[in-house]
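# Summary of structural features
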Amino acid sequence: MAMDGPKQLLVALCAAAAVGVTSVIFVLIWVFNYKEGLAWDGGLAEFNWHPVLIVFGFIVVQGFAIIVYRLPWTWKWNKQVMKLIHAGLHLLAFILVVISLVAVFDFHNYAKIPNMYSLHSWLGLMAVILFSQQLVIGVGLYLLPVLPVVWRAAFMPIHVYSGLLLFTSVIAVALMGITEKLIFGLSNPKYKDSPPEAIFVNVLGLLLVLFGAIILWIATRTSWKRPSDQNLHILHTNGGGEDNTKRGTALSQLPDQSDVALGDVNKSD
């Protein structure tokens, strides 16, 4: 049975949505049921904004920003609209992660805890800086294209690779962070004794890995790419419906008149 047909794409999208929403619910239960809730007072409740916004913004929102071009019902939309949605979701993720960093630094300063001493903090800040650079370069190249198409085509593989690398790195750093929080935060019983909070948060970590795996699967299926403009015109002139969704998935596998790299740029333009 084919693993990359339209039905499989729909299943993968539903799975990504279900796991992403479940992950956000889990992190909210963690901070409200096992921790101090959410506040902005310099205390532990302010720190709790950090895991909530990282999971929701830097992982879930970014994940869907990566695969937004793969949604079949958006293939009829203008590419400029899709670029705005793609960039807007990444911008939202960046704003949320900046707020989460402010919460951490504010809590550390209030509690007289040193900043930037752990590997988690080093890699986390590096990921945020690289993400901001990826966002600026992406907007400059593809949302407000000022460079020749050939240059944009040449940069596209780097843009795609960097985005996927950052996404997986963010999940890895988040796993480091929640483990670090459990080790420091659990004392009686300790993390090694597997109290309910530890087991619950470990499941959260598994959900984040599963979400990342699904997003990467969707993002790397060539047959699920947005079809070129010429193929989309063929699809739209034949009308809508499930048959045309299947036809659109098949059209996405057809080669463009340009080479593969130029086809990717045209997809993102």
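Summarised in this report is the structure supplied together with it. (Residues numbered from 1 in each chain as written. Predicted model: local features only at pLDDT ≥ 70, side-chain atom pairs only at ≥ 80, totals over all residues. Heavy atoms only, no water.)

Before going further, it helps to spend a moment on the overall build of the protein. Each helix and strand counted, the protein has 10 helices and zero strands in total. Of the regular secondary structure in the protein, the N- to C-terminal order runs α-α-α-α-α-α-α-α-α-α. Across the 269 residues in the protein, those meeting the buried criterion constitute 46%. The long-range share in the protein, meaning contacts at least 24 apart out of those at least 6 apart in sequence, stands at 75%. Taken as a whole, the protein presents about 13,600 Å² of accessible surface, with 70% of it coming from carbon and sulfur. (Helix = DSSP H or I, 4+ residues; strand = E, 2+ residues; numbered from the N terminus. Buried < 20%, exposed > 50% of the residue type's maximum accessible area, 1.4 Å probe, protein only. Contact = heavy atoms within 4.5 Å. Areas by Shrake-Rupley, 256 points an atom, 1.4 Å probe, with all protein chains shown as cover.)

Right, let's get into the nonpolar core. Ranked by internal contacts, the top residues of the largest apolar core, which has 50 residues, are Trp30, Phe58, Ile59, Phe211 and Ile218. Broken down by element, this core gets its largest block of residues, 11 residues, from helix H7 (residues 196–220). Ignoring anything within four residues of it in the chain, the contact list for Trp30 reads Lys35, Pro51, Ile178, Lys181, Leu182, Glu197, Phe200, Val201 and Leu204. (Core = buried A, V, L, I, M, F, W, Y, C linked by side-chain atoms within 4.5 Å.)

This paragraph deals with the packing of helix H4 (residues 79–111) against helix H5 (residues 119–143). When two helices pack together, their arrangement is given by the angle between the helix axes and by the axis-to-axis distance. Packing of H4 against H5 leaves a shortest axis separation of 11 Å and a crossing angle of 155°. Here H5 runs roughly antiparallel to H4, going by the angle between their axes. As H4 packs across H5, the resulting crossing turns out to be left-handed. On the side of H4, the interface is formed by Gln80, Lys83, Leu84, Ala87, His90, Leu91, Ala93, Phe94, Val97 and Leu101, while H5 contributes Leu125, Val128, Phe131, Ser132, Leu135, Val139, Tyr142 and Leu143. Classifying every residue of the contact of H4 with H5 gives 14 nonpolar, three polar and one charged. (Axes fitted to C-alpha atoms, helices over the stretch in contact; angles between N-to-C directions. Parallel < 35°, antiparallel > 145°, perpendicular 65-115°, else oblique. Left-handed = near helix turned anticlockwise from the far one by under 90°. Nonpolar A, V, L, I, M, F, W, Y, C, P; charged D, E, K, R; others polar.)

Further remarks concern helix H6 (residues 149–185). The end-to-end C-alpha separation of H6 is 52 Å, in line with the 54 Å expected for 37 residues at 1.5 Å each. At Phe155, H6 is deflected by roughly 35°, the largest bend along its length, and proline Pro157 occurs up to four residues later in sequence. (Expected span 1.5 Å × (residues − 1). Bend = angle between axes of the 7 residues up to and from the residue.)

On their own, these measurements won't tell you what the molecule is for.
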